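# Observations on the model geometry
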Amino acid sequence: MSITAPEPKANMGQPIPRYDAAAKVTGKAQYAADVPLVNPAYACLVTSSIAKGRIDGFDMTAAKQVRGVIDIVTHENAEQLKEAKLFSNGGYAGTTIQPLKSADVAHTGQIVAVVVAETFEAAQQAAYAMKVNYTAAMPSATFDSAGTTSAPAKGQLAQFKEDPKVGDFAKAFNDAEIKVSAAYETPPQHHNPMELFATSCVWLGDSLTIYEPSQYVYGLKNGVAEQLGIDADKVRVINAYVGGAFGSKGSMTPRTAIIASIARRLGRPVKLVATRAQGFTIATFRAETRHEIQIGARRDGHLTALRHESWEVSSRPDPYAVGGTKTTTRLYACPNIESRVSIVRADRNTPGFMRSPPEVPYMFALESAMDELAVALNMDPVELRRVNDTAKEPISGKPYTSRSLMACYDQGARAFEWEKRSPQPKSMTEGDWLIGYGCATSCYPTQMAPAAARVRLQRDGRVRVEIAGQEIGNGAYTVIGQAAAEKLGVPVEKVSVFIGDSDLPPAPVAGGSNSTASTCSTVIKVCEQVRQKLFEALTSNESLTNEAKGTVGMGQTPSTPSASNDRPLDLERAFDALGVSVVEEYGEWKPEGAPMDSFQAMYKGQVRMVGGSEMKDKIAYAFGAEFVEVRVNKWTHEIRVPRLVGAFAAGHIMNPRTARSQLMGGLIWGMSSALHEATELDERYARYVNDNLADYLVPVNADVSDVDVILVAEQDDHINPAGVKGIGELGNVGTNAAVCNAIFHATGQRLRKLPVRLEKLEI
Amino acid sequence: MTNQKDFPAGPGFNRRTFIGAAAGTAVAPIVAKAAGASGGPAATSDPSLPVDVSLDINSATRSLRIDARTTLLDALREHTGLTGSKKGCDHGQCGACTVLINGRRVLSCLTLAVVAQGQRIVTIEGLAEDGELHPMQQAFVDQDAFQCGYCTPGQIMSGIACVREGHAGSDDAIREYMSGNICRCAAYPNIVAAVRQAARAMSDEQKG
Ligand code: FES
Ligand code: FES
């Protein structure tokens, strides 16, 4: 087995190649903008050049003269769409700022007009020719800008329930033997999936089909229906493949209903492919954050006091915050904890979730501070984590369903050869290069949400699975196919998987790393229904206890925990007994503790996510330990990362091959968050400066050397039927801190503001 | 991308063939303008008037009537149904649109379709023969060299050129010469493994 397809350890499935591999290497995989349309009109967006103010009017003379222009839509003539509520407020949208509603401008890059033409080229030319006259006001760009307001997150954001707190922080910190106080800062970042924000809308009578990359086809379908004021059953969203998302395609953006409305008015399909630059402002982003951390500890390393206060930027109308204190206050044993999150409102587009939304910025702060504490204690940073490891979260004492943090540290440290690290900063060099080793903890909440699936089994063993999940590079096709094959005992080649279509049974948003846990648990449950039907046919006279049901199976080596008790079943005999050739079952699954209205909400495209720190009597997280080697050139200050090692434990691993790839991508994302990525803001105009792939730095191949992913075996029977914790966002948590900790070790300079670029080094 | 000296002499795709191929078509003025010549009378004619273009794509001739400003990428995607080549930026910054022209890797978003006339264009759809994957495609499957798959057609076309250019001799060389293709899923180590595997298979093929 090759490195890219690791040998499965205990409680891991087979590393089979991706279900969609052939489609993806031949160009046959059809992404939204690839779907052919009959006689489409092409739309181009015109976006605002000011951040705050009003549109006084348009000069469209030149634009209208462009050959092939069909329509120019502005707030003066656009259909008045219904309001879009924020997803975190029971709605579907990533922003409540609705373009083309009024003359008001709320942020730069807001859509102010849509030009539609016979060709893409004409639409582009006319969009460039549009003149917009504004009365501009002075915008507030970010922290410290005049005119911003700041208020606690608690009370303004339904999803932010509490500022976790326990014991008496002030007293404990005052009495602490060793103290660390430091402030940290993370920049705005944009997801920049390779696939652009595209939307094609096709009406057939009063039914609408939308081809759009979405992490949540059910949410988009319901959201657009609401905005258009039509029945959700009349809307269908299709995306068999999504070209990367990372959170950017999770909630509805204003463009979709606008394009749908224009297509209806023109009586013709309309296709939009927004530009890369427009993607920076017509969707969400990861907002900049600030943190103050205070840690008090005993000389032996035990934490006695922890305080984490943070500020996040959001837009004027929307109180969005990621609020990562729910994680950072529960990670280590500590009797006295205090926290607070505030939202600072500025004239910006509304931020949203981006891969590990809370953990990337908040764990950067905590895991940097832990390293500073290790230095103050003169203690090995791995040992500091060991001393403070805990089986119960300290805020309310709930037990972790499983926690393999130190197993990750030990296996990671061994692979990295951490013992070769000499503890003193600046003590390891090679020629002109200063070498540093750093580490940090990674963690991500285990989340699940209700889903439904349809499974059809034929007499010849062929299986068809339908579930409206999304393939965003997470391996959804593959793991769903594996779950069904294992549960039904058929070879995986016999399973066809249908996802990415809102006409299929609902699945939750492919976000919060819940996808595999939710969809596979559901598919397993529905496969059980199929087995049950067949079993009953074979043993029609006997009544079955639940335990007996669990032992009916059709053979093949199972890897999901719930399939491991299954026993072969004679398929042909069972079908003969039933007198049919096809068995098809539809079923719904919801995680333990899901609220009463979960299923109703599910069909309305609203997710009732369960898990993480918000479970009743337990807490569920996946863990990892990350080790980084940096090399800093003494003369040029160039920073290189020759090695990244991450060891991760996340319950059942459906497929070690796809899991490794996802975690590897995550580690590279984490490195990028430390050294590359930042959206630069021109604070005078509250405007993004580097809104393109040449200036917004993401890693390229030459930036990445050795990346070693270790899958640590872990079994957790307390989370969901699939036993899966979710890994899509685990890999890039803590990496930024590990990189900065390594830079400190190499140079003796502590960097508390991301990203770290060579000009910030003063060695 | 790489400079001229890196490429062996062969069926050229240079500025001269660019202009030579375009001369005599309705779009000559645009090309001349781009090359810096002052606009003659034709330069004022409406550039949005469609022109007839004939392209040799994957060994088939495609005749199109398109806006003269249509990029090769948009010609492929919007006018020939070949949507395997992807648009990730439209600005030559990401590599998702990479195709081969006369064997060399070219960013189709920075290439006007009219200029690609008379050249041999190969896209991702033209690689597999009789349903059998090209060694580079097979290597991408074997090494799990993608996640979302959106950058993959461009990576594969670039990978083939990288091997043929002689830039797949070491992992460092592969990393360097594959750095024009961004993979936001960051499958980079697997892409290196795939190019390495395919380089071996492609040289075996040549020998055998
Ligand atoms: S689309 Fe051509 S380089 Fe990005
Ligand atoms: S596989 Fe997603 S961008 Fe490369």
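None of these values were measured; they are calculated from a predicted model.

## Here's the deal with the overall build of chain A
Scanning chain A from N- to C-terminus turns up 18 helices and 28 strands. Here the C-alpha radius of gyration of chain A, 27 Å, is about what a compact globule of 763 residues would show, namely 27 Å. In terms of principal-axis extent, the alpha carbons of chain A reach across some 80 × 70 × 50 Å. Considering only intrachain contacts with a sequence separation of at least 6, the fraction spanning at least 24 residues in chain A is 81%. Working note: accessible area of chain A is about 26,000 Å², and carbon and sulfur atoms make up 49% of it. When the 80 positive and 86 negative side-chain charges of chain A are each reduced to one mean point, those points stand 2 Å apart.

## Describing the sheet that holds strand S6 (residues 131-136) of chain A
Residue and element names in this part refer to chain A. An order of S4-S2-S6 is seen for the three strands of this open sheet, with the pairing classed as antiparallel. Edge positions in the sheet fall to strand S4 (104-105) and S6, since each has one partner strand and no second. Sheet topology note: the strand S2 (residues 53-59)/S6 ladder contains six bridges and is antiparallel. Bridge assignment links Asp-59 to a residue of S6, and that residue is Lys-131.

## Quick notes on the packing of aromatic side chains
All names here are of chain A. Counting across every chain of the model gives 19 aromatic pairs over all chains. With centroids separated by 5.4 Å and ring planes inclined at 10°, the aromatic side chains of Tyr-19 and Tyr-477 adopt a geometry described as stacked. Highlighted residues: Tyr-19 in the segment before helix H1 (21-26) and Tyr-477 in helix H12 (residues 476-488), separated in sequence by 458 residues. On the basis of relative accessible area, Tyr-477 is assigned to the buried category, the value being 5%. When the ring of Phe-416 is compared with that of Trp-418, the centres are 6.2 Å apart and the planes differ by 50°; the resulting orientation is tilted. There is no split in this pair, since Phe-416 and Trp-418 are both buried. Between the NZ or CZ atom of Arg-403 and the centre of the ring of Tyr-400, over which it lies, the distance is 5.0 Å.

## Digging into the interface of chain A and chain B
Taken together, the contacts link 62 residues of chain A with 50 residues of chain B. Of the roughly 4,400 Å² buried at the junction of chain A and chain B (both faces included), carbon and sulfur atoms supply 55%. Among the residues of chain A in contact with chain B, A:Val25, A:Met194 and A:Asn701 are the three that bury the most area, contributing 18% of the side total. Here A:Asp34 makes a salt bridge to B:Arg77, at a shortest N to O gap of 2.7 Å. Broken down by secondary-structure element, the contributors of at least two residues to the side of chain A that touches chain B are H1, helix H3 (120-129), strand S12 (270-273), helix H17 (656-675) and strand S28 (706-711) of chain A.

## Thoughts on the confidence of the model for chain B
All names here are of chain B. Overall, the prediction assigns chain B a mean pLDDT of 84, with 76% of residues at 70 or greater. Confidence drops under pLDDT 50 across residues 1-43; counting only partners more than four residues distant or on other chains, this segment forms 42 contacts. Across the whole predicted complex the pTM is 0.94, and at the interface the ipTM reaches 0.96.

Cut-offs used in this document
Every chain is numbered on its own, with residues counted from 1 as its sequence reads. Whichever chain is written first is A, and whichever ligand is written first is 1; the rest continue in order. Whole-chain, interface and lining totals are the exception, using all residues; otherwise, since this is a predicted model, local features are given only for residues with pLDDT of at least 70 and side-chain atom pairs are given and counted only at 80 or more. Computation of side-chain values: all heavy atoms of the structure, hydrogens and water removed. Secondary structure is summarised from DSSP: a helix means a run of H or I of at least four residues, a strand means a run of E of at least two, and numbering begins at the N terminus for each. In this setup the radius of gyration rests on C-alpha atoms only. A globule is expected at 2.2 Å times the number of residues raised to 0.38. When checking whether two residues touch, look at their non-hydrogen atoms; a contact exists if any pair is within 4.5 Å. To be clear on the numbers: accessible area is Shrake-Rupley with a 1.4 Å probe, and residue cover counts the displayed protein chains and nothing else. Note on charges: Lys and Arg go in the positive column, Asp and Glu in the negative column, and His and the chain ends are not counted at all. Charge placement uses NZ in Lys and CZ in Arg. For Asp and Glu, CG and CD serve respectively. Two strands qualify as a pair provided DSSP detects at least 2 bridges between them. Stacked, edge-to-face and tilted labels apply to pairs of Phe, Tyr and Trp rings (six-membered ring for Trp) whose centres lie within 6.5 Å, assigned for plane angles under 30 degrees, over 60, and everything in between, in that order. Here's how the labels work: a residue is buried when its accessible area is under 20% of the maximum for its type, exposed when over 50%, partly exposed in between, all with a 1.4 Å probe on protein chains only. Whether a charge sits over a ring comes down to the Lys NZ or Arg CZ being within 6 Å of the ring centre and within 35 degrees of the ring normal. Reported buried area values correspond to the accessible surface (1.4 Å probe) lost by two parts on association, with both partners' losses combined. Salt bridges, as used here, are contacts in which a Lys or Arg side-chain nitrogen is within 4 Å of a carboxyl oxygen on Asp or Glu. pLDDT measures the predictor's confidence residue by residue and takes values from 0 up to 100.

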